[in-house]
Amino acid sequence: MDKIIIEGGNISLKGEVIIEGAKNAVLPLLAATILASKGKTLLKNVPILSDVYTMNHVVRGLNISVDFDEVKKEILVDATGDILDTAPYEFINKMRASIVVLGPILARNGYAKVSMPGGCTIGSRPIDLHLKGLEAMGAEIHQENGDITATAKRLKGAHFYMDFPSVGATQNLMMAATLAEGKTVIENAAREPEIVDLSLLLNKMGANIKGAGTETITIVGVDSLHGAEHGVVQDRIEAGTFMVAAAITSGDVLVKDAIWEHNRPLISKLKEMGVEVSEEDGGIRVKSHLKKLKPVTVKTMPHPGFPTDMQAQFTALMAMVKGESTMIETVFENRFQHLEEMRRMGLNIEILRDTAIIHGGGKLQGAPVMSTDLRASAALILAGMAVKGTTTVGKLNHLDRGYYQFHEKLAKLGAHIKRVSGE
Ligand code: UD1
């Protein structure tokens, strides 16, 4: 498997970097295309990522035509024929996020059979809220031999309160409710920008959704949806990762097309540390002088709190800042594995359940490390740029799920980084 090799220390990233469309937006958008029984749906600004190819397979497996033009970064979906109702294990198993096809298949066909996603390295991640919400809308749910089956001739609008604002459950229920009879109200809904992006596409397809981006989303069901055209929102996590890359290398980088509003929680913590962050016409500029930064305490929360998907990258920065920083991870259990890897670089940390105390600014050195999940892989690469010596990062399959041309973009900014094919 490929490896990334970084010669770290004494580099300051400088220049401009371009951000792709958001992985976490395009996956549910692809699931939404299942709902269009008339006309084709065109998605633009699609990132070229392995997770996108996996989702394309899932949708194609339903007898839907999916045409990915990688040069134009566009996907054209034609779901106008009769669609199948089964999403098989081989794909669901690859990517947990594909569970968001459950709601659209059920809403369109009255029956859906989707494999139960397994656990994953960042915690047990149940899907009880997805299922309870569909049940509230009148679906009969069964779990058998590793599959979930859901049946409802036509879903009925319902009031559903989520005891945790789950992103995936909000998306699944929002999509299911577009074709339900009557009004659905999702309370304590997730408010992530990717939820708003999904509602924008669904409304263009003929749905009637109000309140996306707030904690109460109201959906009035319609009889059918049609194809539409939509540009995927910029990836706030990729943008945030480059913002931290600039901060960790005492750099000066313009993250082009990054959206200030979407990155507010990260920006506020970077500023508290002493990083200069400013809004420019073309995006967000980040300038820093690593030696002058101060330690901070951060707690991950659902949006608009500090994103769990920036936790790993931010802890890499904390590791380089002199003093004691604290990271509290409240969204996922078991999401500190990158810090265990960073012990190999000499990091001094204490981890107690959801809290990591990071004694930063010590003598860290390059070392061979392994990615343990998607954001961990980015964090280890960022750390590798900041410490002296050679760092090799393995298991890049995680990185390729969510970052397009990551090492090329960093190299263009001045990093000494290359990717080599391994045995
Ligand atoms: C999405 C993102 C992921 C991000 C996460 C939180 C995509 C493709 N992935 O994942 O990158 O890290 O949001 O911002 O958009 N939970 C339950 N029951 C449920 C559903 C979730 O208990 O039915 C729990 C999970 O175990 C987890 C927490 O809620 O602890 C957050 O999960 P959720 O918001 O659903 O995240 P995902 O949609 O899986």
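Everything in this summary refers to the structure shown in the same document. As the structure is a prediction and not an experimental result, all values here were calculated from the model.

1. Quick word on the sheet that holds strand 19 (residues 283-287)
Okay, so step 1: On the basis of which strands lie adjacent, the open sheet formed by 4 strands has the order 2-17-19-18 and mixed pairing. Of all strands in the sheet, those with a lone pairing partner are strand 2 (14-18) and strand 18 (276-280), marking the two edges. Averaged over all adjacent pairs, the angle separating strand axes in this sheet is 20°, with direction ignored.
Okay, so step 2: As paired strands, strand 2 and strand 17 (residues 252-256) are joined by 5 bridges and run parallel to one another. Within strand 17, the residue paired with Ile18 across the bridge is Lys256.

2. Considerations on the site of the ligand
Okay, so step 1: Neighbouring the ligand are 18 residues; Asp128, Leu129, Ser166, Asp309 and Val331 lie closest to it.
Okay, so step 2: The separation between an oxygen atom of the ligand and a polar main-chain atom of Val167 is 2.8 Å.
Okay, so step 3: Contributing elements (two or more residues each) for the shell around the ligand: helix 5 (128-136) and helix 6 (167-178).
Okay, so step 4: Per-element accounting of the shell around the ligand gives the leading share, 3 residues, to helix 5.

3. So, the packing of helix 10 (residues 311-320) against helix 12 (residues 374-386)
Okay, so step 1: Where helix 10 contacts helix 12, the two axes come as close as 7 Å, and the packing angle between them is 25°. Accordingly, the angle class assigned to the pair helix 10 and helix 12 is roughly parallel. Helix 12 is crossed by helix 10, and the crossing has right-handed handedness. Contacts between helix 10 and helix 12 involve Ala312, Gln313, Ala316 and Met320 from the first element and Arg375, Ala376, Ala378, Ala379, Leu382, Ala383 and Ala386 from the second.
Okay, so step 2: Across the contact of helix 10 with helix 12, the residue classes break down as 9 nonpolar, 1 polar and 1 charged.

Conventions adopted
Residues numbered from 1 in each chain as written. Predicted model: local features only at pLDDT ≥ 70, side-chain atom pairs only at ≥ 80, totals over all residues. Heavy atoms only, no water. Pairing = 2+ DSSP bridges. Helix = DSSP H or I, 4+ residues; strand = E, 2+ residues; numbered from the N terminus. Axes fitted to C-alpha atoms, helices over the stretch in contact; angles between N-to-C directions. Near = heavy atom within 4 Å. Polar contact = N/O pair within 3.5 Å; in protein donor to acceptor, adjacent residues only side chain to side chain. Parallel < 35°, antiparallel > 145°, perpendicular 65-115°, else oblique. Left-handed = near helix turned anticlockwise from the far one by under 90°. Contact = heavy atoms within 4.5 Å. Nonpolar A, V, L, I, M, F, W, Y, C, P; charged D, E, K, R; others polar.

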